[in-house]
Amino acid sequence: MNSRFSFIAAPVLVFAYGVIRILDGLDGSRGPGLAWTTGHLAFMAALVLFVHIFWQLRRMAGANALATVSAVAGTAGVVALLAQFGIDIAIGFMSADHAAMSGLFEQVKEVPGVPFVVYDGVPILFFACQLALVGQLAVMRRVKAWTPALVLVDLVVPFIDKDLIPLGSVCLLISFVPLVRAARTAPRPAAALA
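Model, not experiment: these values are computed from the prediction. (Residues numbered from 1 in each chain as written. Predicted model: local features only at pLDDT ≥ 70, side-chain atom pairs only at ≥ 80, totals over all residues. Heavy atoms only, no water.)

A.B. asks: Got a minute to help me understand the nonpolar core in this structure?
C.D. replies: As a rule of thumb, nonpolar side chains are buried together in soluble globular proteins. Phe7, Phe50, Leu57, Met60 and Leu179 are the most contacted members of the largest nonpolar core, which has 38 residues in total. Here this core gets 11 residues from one element, more than from any other, and that element is helix H2 (residues 34-60). Ignoring any residue separated from it by four or fewer positions in sequence, one finds leucine 179 in contact with Phe7, Leu57, Met60, Val134, Leu137, Val143 and Thr147. Grouped together as the second largest cluster of nonpolar side chains are 9 residues, Ile87, Leu104, Phe105 and Val114 included. (Core = buried A, V, L, I, M, F, W, Y, C linked by side-chain atoms within 4.5 Å. Buried < 20%, exposed > 50% of the residue type's maximum accessible area, 1.4 Å probe, protein only. Helix = DSSP H or I, 4+ residues; strand = E, 2+ residues; numbered from the N terminus. Contact = heavy atoms within 4.5 Å.)

In C-alpha cells, the structure reads:
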C-alpha cells in the first residue's frame, strides 16, 4: 500500500466522519440512517489505513522494540474500534429511531468484557500508540517536535467535544505531511530486507 495515500487519506476520512456526524445531529439526534452508516464507514476505512500507518511509523523508527510494541498495541486498538463501529452500524440497521438504538446499546454493553474490550479500554491503545510512535520519531529527530504536538491536538479535541473532530483531523493531516516525506527517506530495517 502506498504510504502517501494512507497518510493523506486517513485524516481526510476522519474529517469526513466528523462532518457527517455533525450533519447527522442537526435534527437533534444521531442515527439511525444514511448519515449514521456513511459516517461510520468513513471512519472504519480510516482505521484500516491506520494499521498501515502504524507499521510504516514502526519502520521509520527503525523497527525497534518500542516501535514494534506500539504498532502491535495500536493495531489492537484499531481492531477494537472496528468492532465498536461495526456494532454501531448493526444497531443502526436494527433500529427504527434513536431511542431504539439506545436500548440496544445498553444490551450490548451488558455483555461481560464488551465495555472494556470494545468501548473503554482497548480502543485507547489506538490513540496512545499513535502518539507514542510519532513521539518516538520526534525524539529520534526524524520529524519536528511540532508533529507529535499536532497529533496530540487531534487526539484530545474529540474528548473535549466530538464536534471538533474535523478540526482535529486537519491538525492530523498537517502533522502527517512531514511523515510522508520522512517515510520516503526512512532506512529499511535489516530484518525487513532479508
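Past the structure itself, the notes keep going.
A.B. asks: Mind showing me how you'd approach the pattern of salt bridges here?
C.D. replies: Pairing between side chains of opposite charge can happen when their charged atoms approach one another. Per the counting criterion, the structure on display carries 2 salt bridges. The salt bridge partner of aspartate 163 is arginine 21, with a shortest N-O separation of 3.0 Å. Of this pair, aspartate 163 sits in the loop between helix H7 (146-160) and helix H8 (165-185) while arginine 21 sits in helix H1 (residues 3-24); the two residues are 142 residues apart in sequence, bridging distant segments of the chain. We classify arginine 21 as buried; its relative accessible area is 16%. Taking the shortest distance from any N to any O, the salt bridge between arginine 30 and aspartate 163 comes out at 3.2 Å. Within this pair, whereas arginine 30 is found in the loop between H1 and H2, its partner aspartate 163 is found in the loop between H7 and H8, the two being separated by 133 residues in sequence. Connected through shared salt-bridge partners, Arg21, Arg30 and Asp163 make up one network. (Salt bridge = Lys/Arg side-chain N within 4 Å of Asp/Glu carboxyl O.)

A.B. asks: Hey, could you run me through the packing of aromatic side chains in this one?
C.D. replies: How two aromatic rings sit relative to each other is set out by the distance from centre to centre and by the angle between their planes. Enumeration over the complete set of coordinates arrives at 10 aromatic pairs. Here phenylalanine 7 and phenylalanine 176 contribute two aromatic rings whose centre-to-centre distance is 5.2 Å and whose plane-to-plane angle is 80°, an arrangement assigned as edge-to-face. Taken together, the positions of phenylalanine 7 in helix H1 and phenylalanine 176 in helix H8 put the pair 169 residues apart, joining distant regions of the chain. Of the two residues, phenylalanine 7 and phenylalanine 176, neither departs from the other in class, the shared state being buried. Relative to phenylalanine 85, the ring of phenylalanine 43 lies with its centre 4.7 Å away and its plane at 20°, an arrangement referred to as stacked. One end of the pair, phenylalanine 43, is in helix H2; the other, phenylalanine 85, is in helix H3 (residues 65-94), and 42 residues separate them in sequence. (Phe/Tyr/Trp six-rings, centres within 6.5 Å; stacked < 30°, edge-to-face > 60°.)

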